[in-house]
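A look at the structure
One letter stands for each residue in the lines below.
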Amino acid sequence: MALPACAAPALRPPLQPERGAPARTTCPRRHSRVEAELAASRPGSVAASVRAGPPRGVSRGFNSQPLLDEPLKASSSLAGAARAPLFALLPRGRRRRMHDLRRRWDLGSLCRALLTRGLAALGHSLKHVLGAIFSKIFGPLASVGNMDEKSNKLLLALVMLFLFAVIVLQYVCPGTECQLLRLQAFSSPMPDPYRSEDESSARFVPRYNFSRGDLLRKVDFDIKGDDLIVFLHIQKTGGTTFGRHLVRNIQLEQPCECRVGQKKCTCHRPGKRETWLFSRFSTGWSCGLHADWTELTSCVPAVVDGKRNARLRPSRNFHYITILRDPVSRYLSEWRHVQRGATWKASLHVCDGRPPTSEELPSCYTGDDWSGCPLKEFMDCPYNLANNRQVRMLSDLTLVGCYNLSVMPEKQRNKVLLESAKTNLKHMAFFGLTEFQRKTQYLFEKTFNMNFISPFTQYNTTRASSVEINEEIQKRIEGLNFLDMELYSYAKDLFLQRYQFMRQKEHQEARRKRQEQRKFLKGKLLQTHFQSQSQGQSQNLSQNQSQNPNLNANQNVTQNLIQNLTQTSSQNSSQKENRESQRQNPGQEQSDSNPSNGTNDYIGSVEKWR
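Residues numbered from 1 in each chain as written. Predicted model: local features only at pLDDT ≥ 70, side-chain atom pairs only at ≥ 80, totals over all residues. Heavy atoms only, no water.

**Digging into the overall build of the protein chain**
Rules: Under the DSSP-based scheme used, a helix requires at least four consecutive residues in state H or I and a strand at least two consecutive residues in state E, with every element numbered from the N terminus. Think of it in three bands: with a 1.4 Å probe and only protein chains considered, a residue is buried below 20% of the maximum accessible area for its type, exposed above 50%, and partly exposed in between. Two residues qualify as a contact provided that any one of their heavy atoms is within 4.5 Å of a heavy atom in the partner residue. Method for areas: the Shrake-Rupley scheme with a 1.4 Å probe, in which residue coverage is limited to the protein chains shown.
Along the backbone of the protein chain there are 20 helices and six strands. Within the protein chain, buried positions represent 31% of all 610 residues. For the protein chain, contacts bridging at least 24 residues in sequence account for 72% of all contacts bridging at least 6. In the form shown here, the protein chain has an accessible surface area of approximately 40500 Å², with 55% of it arising from carbon and sulfur atoms.

**Here's the deal with the state of the cysteines**
Test applied: The term disulfide is used for any two cysteine sulfur atoms that are within 2.5 Å.
Evaluation of the coordinates by the stated rule reveals five disulfides. In this model, Cys-287 is linked to Cys-299 through a disulfide, with the two sulfur atoms separated by 2.1 Å. Judged by the sign of its S-S torsion, about -90°, the cystine formed by Cys-287 and Cys-299 is left-handed. With Cys-287 in the loop between strand S4 (277-278) and helix H10 (293-305) and Cys-299 in helix H10, this pair connects stretches of sequence that are 12 residues apart. Taken as a pair, Cys-287 and Cys-299 share a single burial class, namely buried. Paired through a disulfide, Cys-351 and Cys-402 show a sulfur-sulfur distance of 1.9 Å. Measuring the twist about the S-S bond at about -75°, one finds the Cys-351-Cys-402 disulfide to be left-handed.

**Describing H10**
This is how it is decided: How far a helix is expected to stretch is found by multiplying one less than its residue total by 1.5 Å. Bend angle per residue: angle between axes fitted to the 7 residues ending at that residue and the 7 residues starting there.
Spanning 13 residues, H10 covers 19 Å between terminal C-alpha atoms, matching the ideal 18 Å at 1.5 Å per step. Of all the bends found along H10, the most pronounced is centred on Cys-299 and spans about 35°, while Pro-301, a proline, follows it within four residues. Buried within H10 are the following residues: Trp-293, Thr-294, Glu-295, Leu-296, Cys-299, Val-300 and Asp-305. For H10, the secondary structure elements touched by its buried residues are strand S1 (228-232), S4, strand S5 (318-324), helix H13 (389-394) and helix H14 (410-427).

**So, unusual backbone geometry**
Of note in this structure, His-290 is not a glycine but carries a positive phi near 50°. Mapped onto the secondary structure, His-290 falls in the loop between S4 and H10. Even without being a glycine, Cys-402 presents a positive backbone phi close to 60°. Structurally, Cys-402 is set in the loop between H13 and H14. Take Cys-402: its relative accessible area is 9%, and that puts it in the buried class.

**Quick notes on the sheet that holds strand S6 (residues 430-433)**
In a beta sheet, neighbouring strands pair by backbone hydrogen bonds and run either parallel or antiparallel. Here is the rule: In this description, strands pair whenever DSSP reports at least two bridges between them. Between the N-to-C directions of two axes lies an angle of 0 to 180 degrees, each axis being a line fitted to C-alpha atoms and, for a helix, fitted only over the stretch in contact.
Spatial ordering of the open sheet is given by S4-S1-S5-S6, a layout of four strands whose pairing is parallel. The open sheet is flanked by S4 and S6, the only strands paired with a single partner. Pairing of S1 with S4, which is carried by two bridges, proceeds in the parallel orientation. Paired with Val-230 across the strands is Phe-278, a residue of S4. Its contacts with the sheet place helix H15 (residues 437-448) against S1, S5 and S6, and it is angled at close to 170° to S6.

**Structural notes on the packing of aromatic side chains**
Here is the rule we go by: In this analysis, rings of Phe, Tyr and Trp, with Trp reduced to its six-membered ring, are considered paired at centre separations within 6.5 Å, and the interplanar angle assigns stacked below 30 degrees, edge-to-face beyond 60, and tilted for intermediate values.
Overall, the coordinates contain 20 aromatic pairs when judged by the stated rule. Geometrically, the ring pair formed by Trp-370 and Phe-378 is tilted, given 5.4 Å between the ring centres and 40° between the ring planes. Of the two residues, Trp-370 and Phe-378, both sit in the buried class. Aromatic side chains Phe-436 and Phe-495 sit 5.9 Å apart centroid to centroid with 35° between the ring planes, which places their arrangement in the tilted category. Here the residue Phe-436 occupies a position in the loop between S6 and H15, and Phe-495 occupies one in helix H17 (residues 482-545), the gap between them amounting to 59 residues. Among the residues examined, Phe-436 registers a relative accessible area of 2% and is labelled buried.

**Some details on the pattern of salt bridges**
Heads up, the rule is: We define a salt bridge as a side-chain nitrogen of Lys or Arg found within 4 Å of a carboxyl oxygen belonging to Asp or Glu.
Enumeration according to the criterion identifies 16 salt bridges in this entry. Across the salt bridge formed by Glu-253 and Lys-224, the nearest N and O atoms sit 3.4 Å from each other. Taken together, the residues span a long stretch of sequence, with Glu-253 in the loop between helix H9 (239-248) and strand S2 (257-258) and Lys-224 in the loop between helix H8 (212-215) and S1 at a distance of 29 residues. On the accessibility criterion, Lys-224 (44% relative accessible area) is partly exposed. Where Glu-471 meets Lys-475, a salt bridge forms, and the shortest distance between an N and an O atom there is 3.5 Å. With a gap of four residues between them, Glu-471 and Lys-475 both fall in helix H16 (residues 471-480), about one helical turn apart. Judged by its relative accessible area of 53%, Lys-475 falls in the exposed class. It is possible to trace a salt-bridge network through shared partners that takes in Arg-269, Glu-274, Asp-305 and Arg-316.

**Here we look at the environment of Lys-415**
Tracing the chain through its elements places Lys-415 in helix H14. Taking the C-alpha atoms as reference, Lys-415 lies 8.8 Å from Leu-483; in sequence the two are 68 residues apart.

**Observations regarding the pairing of S1**
With five of five residues buried, S1 is to be regarded as a mostly interior element. Burial along S1 is two-sided: Leu-228, Val-230 and Leu-232 and Ile-229 and Phe-231, pointing in opposite directions, are all buried. Relative to S5, S1 runs parallel, the two sharing five bridges. Residue pairing across strands places Ile-229 opposite His-319, the latter belonging to S5.

**Considerations on the confidence of the model for the protein chain**
Quick note on the threshold: What pLDDT reports is the predictor's confidence in each residue, on a scale of 0 through 100.
Scored by pLDDT, the protein chain comes out at a mean of 76, with 63% of its residues at no less than 70. For the protein chain, the element scoring lowest by mean pLDDT is helix H19 (residues 590-593), at 41; H13 scores highest, at 98. Across residues 586-599, where pLDDT falls below 50, the model places 13 contacts with residues more than four positions away in sequence or in other chains.

**Topic: the packing of helix H11 (residues 327-339) against H16**
To keep things clear, this is the line we draw: Here is the rule for angles: anything less than 35 degrees is roughly parallel, anything more than 145 is roughly antiparallel, 65 through 115 is roughly perpendicular, and the remaining ranges are oblique. The residue classification treats Ala, Val, Leu, Ile, Met, Phe, Trp, Tyr, Cys and Pro as nonpolar and Asp, Glu, Lys and Arg as charged. All others, Gly included, are polar.
The N-to-C vectors of H11 and H16 enclose an angle of 95°; their axes lie 10 Å apart at closest approach. The orientation of H11 relative to H16 falls into the category roughly perpendicular. Between H11 and H16, the contacting residues are Val-328, Tyr-331 and Leu-332 on the first element and Gln-474, Ile-477, Glu-478 and Leu-480 on the second. For the contact of H11 with H16, the class distribution of residues is five nonpolar, one polar and one charged.

**Structural notes on a nonpolar patch on the surface**
Basically, it comes down to this: Excluding any residue in a salt bridge, patches collect residues exceeding 30% relative accessible area, merging like charges within 9 Å and nonpolar Val, Leu, Ile, Met, Phe, Trp and Tyr side chains within 5 Å.
A cluster of nonpolar side chains, Leu-126, Met-160, Phe-162, Leu-163 and Val-166, forms an exposed patch at the surface whose accessible area comes to about 440 Å². Looking at the secondary structure, you find Phe-162 in helix H6 (residues 149-172). The class for Phe-162 is exposed, based on a relative accessible area of 55%.

**Quick notes on the nonpolar core**
This is how the line gets drawn: For our purposes a nonpolar core is just a set of buried Ala, Val, Leu, Ile, Met, Phe, Trp, Tyr and Cys residues, chained together by side-chain atoms within 4.5 Å.
Counting residues in hydrophobic clusters, the biggest one holds 70 residues, and the most contacted among them are Phe-242, Trp-276, Leu-296, Ile-321, Leu-394, Phe-444 and Phe-448. When near neighbours in sequence (up to four residues on either side) are disregarded, Leu-394 contacts Leu-232, Ile-234, Trp-293, Thr-322, Leu-324, Ser-420, Ala-421, Asn-424, Leu-425, Met-428 and Leu-487. Core analysis: the next-biggest nonpolar cluster, separate from the first, contains 18 residues, Leu-289, Trp-370, Leu-375 and Ala-386 among them.

Set out below in structure tokens:
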């Protein structure tokens, strides 16, 4: 290191001052710095050990330079002298950890540098490859158009931006069913909350042919009257959640009273001490635990009106509702529930006035419950009521001799049960599907003219979905529940057709109301226009009446003729509109085709007159 000129004599042997000469001081400002450097150059000193750098085996860093080449400051010697004794006094383990930290930092710097250089090399090679590709593709264009270097760079930037956008789109929205790529996202300002609950299109190809009466479900339910809603709760179909919606999440004039810690709620009609809902959370299991169709149809009238005299019983309408679920998911969910200890021993299974005997309905287990049973054992039991449970609970068991399997052959028995379940399901006031929660809410609201407070939530993750089964086990479960599989396919088709029919009817009614509103506004405008004209004409006639009395009489006759013509034309136009509306909507009510106000007659007469 180069030292200043004034400090060079200090490195030579000290000269004795001349006798009698005064003491000589050179560079007093840098005297301390030179002394510190001389002390550091002596071997064995603490400063020399500090300046020498890290111990052997410890690197100085990727971009570090020797400490002797760094410029020295005035206070560096003092700081080094102050730090060196402290570092020497540290324990050996502490010093070793400090050296390890420094080594790790150097390795991280090396990795970052290698990564940076690698990315730079990759980008350089990618640039050359893309340049070669674009030279092959756009070479003729560049030669013809005399494209310069700036245009090539701009084209390359646009292509790179497009590739980046494609990568980001695939990361944010994988798959082909992306909502961002659908044209309806641009055509409709508000998304349809009932669309694609199961990642399928709202429109589908129907498999069954249903009549208009089967699709149109609109019950004239008066909560203040005597009608009753009866909820048939099938195990593991989401009925508990739907039952809670009925007593806690529905807009009523007199809401149900639900107390904390109690499952049952009091659901009385407005101004009466009588319930309007027969379900688990309103009346309890009054007809037995998870009573089926056969039990409810014979038990509910007796429970509701059992204490009254037969003459005083009102003529009620019992509106049955239920919820269905995919048979494989329901079967696995019931197995998991039984595996946790559920038995449903309290179920009565009353049919034709008596419960089944132990020979007619044997048990699949010998202990108190069937907890911990494996899936194979659950499927191997031939008397398991989980097999085809939905068909059994929705059919009329009295048609096949209840639980006595010796009444008819098995094939005939299965056919009768399936047809009975389909018929009862089709004539129910309402049924929903667990896989379509929002559509279930929509159809219930349109059927009973009752609205829920908060929307239903679609849960895609359940206990059944967490069970991993192979294809062989799934096929066996489908074989054990082949009646439920066919019933669910029938119910899903009917459910989606009803939903589509109700949505189309709703759109038609909204369109008709908009047309009537436009016609009404147009009639108002024409009425005000004619009134203003008639007022001006009356003023002119009043002025000319004194001059020409005969002209006034002729005008009165003309006005009477015009009024007669307009009345006859309005009657003809109204009759024609009624015939057209009846031809288009034969099942529509008369009130829909003939509005209460005379707007259409007025407009038709005005148009005919014009």
